[in-house]
Amino acid sequence: MLKRTRTLLGSLAVAAVMSLAPTAGGALADTYWQCVPFARLISGIQIFGDARTWWQQAIGKYDVGFQPKAGAVLCFKPTERMRLGHVAVVSEVLTDRIVQITHANWSPIEGSRGKVEKDVTLVDVSPEGNWSEVKVWYDPSRDLGGSTYQTYGFIYQDAKAKIMASSGLSSAENTAIAMAQSAASQMASAVRPGSGPLSLLSQAADSTDRIAALIAKAARGDGGN
């Protein structure tokens with residue numbers, strides 16, 4: 001069986017802060033990763049707009065093709081259920097028909113969407129072997145999903161994109177840590193100290209380094225399933 005690696009949770013920052021004070025008044029909107037900004041972040045390929053537009057935008061700006069390379073972005077064609085398309089970044093080429101990808105907002109993880117999945121399996125099932133039809137790891141089934149997806153092809157990094165992507169997931173993790181620190185500080189300043197569960201927020205604001213360490217540990221997958 002094709003096996004996935006650990007999943008990075010895209011909403012670590014807000015989830016960590018909210019878990020400190022589940023009864024706090026008011027609400028923080030849970031944040032999550034969309035596939036496009038995440039792919040842009042870790043590939044360095046500077047294309048904007050819906051995923052379904054990336055292929056046409058890339059032509060003439062980046063090299064494109066039909067064979068996977070590490071760092072390339074695979075563009076999925078839209079479907080009835082996925083009308084905006086999808087983009088995923090190739091993290092490793094395993095064989096001529098199997099790669100690992102890193103992408104966001106695909107599988108529901110623990111019932112929620114907007115998560116990041118790192119180094120999960122994608123298989124070329126096209127008759128021609130040109131990656132025009134693929135199957136993708138689907139976390140709830142712990143295996144390749146039952147659906148077959150059509151793709152446009154791969155957008156390859158240029159030198160500038162490779163430099164921009166050099167920090168890759170580290171940048172994403174640092175962003176999550178900064179979000180947690182900022183959210184803890186802002187929420188703590190808005191409540192009265194010593195008021196039951198809300199006092200935990202003040203403690204969190206005074207201990208943001210510990211919060212950051214916990215998030216970084218979770219993002220690395222230490223002690224995860």
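Residues numbered from 1 in each chain as written. Predicted model: local features only at pLDDT ≥ 70, side-chain atom pairs only at ≥ 80, totals over all residues. Heavy atoms only, no water.

**Student:** Summarise the overall build of the chain; cite the residues concerned and give the values.
**Tutor:** A count of helices and strands for the chain gives 7 helices and 9 strands. Residues counted as buried form 44% of the 225 residues belonging to the chain. Taking contacts inside the chain between residues at least 6 apart in sequence as the whole, the part at least 24 apart equals 56%. Roughly 11700 Å² of accessible area belongs to the chain as shown, and the carbon and sulfur atoms make up 53% of that amount. (Helix = DSSP H or I, 4+ residues; strand = E, 2+ residues; numbered from the N terminus. Buried < 20%, exposed > 50% of the residue type's maximum accessible area, 1.4 Å probe, protein only. Contact = heavy atoms within 4.5 Å. Areas by Shrake-Rupley, 256 points an atom, 1.4 Å probe, with all protein chains shown as cover.)

**Student:** I'd like a description of the pattern of salt bridges, backed by residues and values.
**Tutor:** Taken as a whole, this structure holds 4 salt bridges when the rule is applied. Here D124 ties to R97 by a salt bridge, and the two come within 2.7 Å at their closest N and O atoms. Residue D124 is located in strand 6 (residues 116-124), and its partner R97 is located in the loop between strand 4 (86-93) and strand 5 (98-104); the two are separated by 27 residues in the primary sequence. D119 serves as the salt-bridge partner of K118, at 2.9 Å between the closest nitrogen and oxygen. (Salt bridge = Lys/Arg side-chain N within 4 Å of Asp/Glu carboxyl O.)

**Student:** Go over the packing of aromatic side chains, please, and point to the residues and values.
**Tutor:** This structure, assessed with the given rule, holds 7 aromatic pairs. Consider the rings of F76 and W106, whose centres lie 5.5 Å apart with planes at 50°: the pair is tilted. Pair noted here: F76 is in strand 3 (residues 73-76) and W106 is in the loop between strand 5 and strand 6, with a separation of 30 residues, a long-range link. There is no split in this pair, since F76 and W106 are both buried. (Phe/Tyr/Trp six-rings, centres within 6.5 Å; stacked < 30°, edge-to-face > 60°.)

**Student:** So what's going on with the environment of E133? Which residues, and what values?
**Tutor:** Structurally, E133 is set in strand 7 (residues 133-138). Residue class for E133 comes out partly exposed when judged on its relative accessible area of 26%. Residues E133 and V123 lie 10 residues apart in sequence; the distance between their C-alpha atoms is 8.6 Å. In this structure E133 touches V123, D124, V125, S126, P127, T148, Y149 and Q150, once residues within four positions along its chain are discounted.

**Student:** Quick one: what's the story with unusual backbone geometry, residue by residue and with numbers?
**Tutor:** At D119, a residue that is not glycine, the phi angle is positive and equals roughly 55°. With respect to the helices, strands and loops of the structure, D119 is situated in strand 6. A residue is classified by how much of its surface remains accessible, and D119, at 17% relative accessible area, is buried. We note that R142 has phi near 55°; this positive angle belongs to a residue other than glycine. If you trace the backbone, R142 turns up in the loop between strand 7 and strand 8 (143-144).

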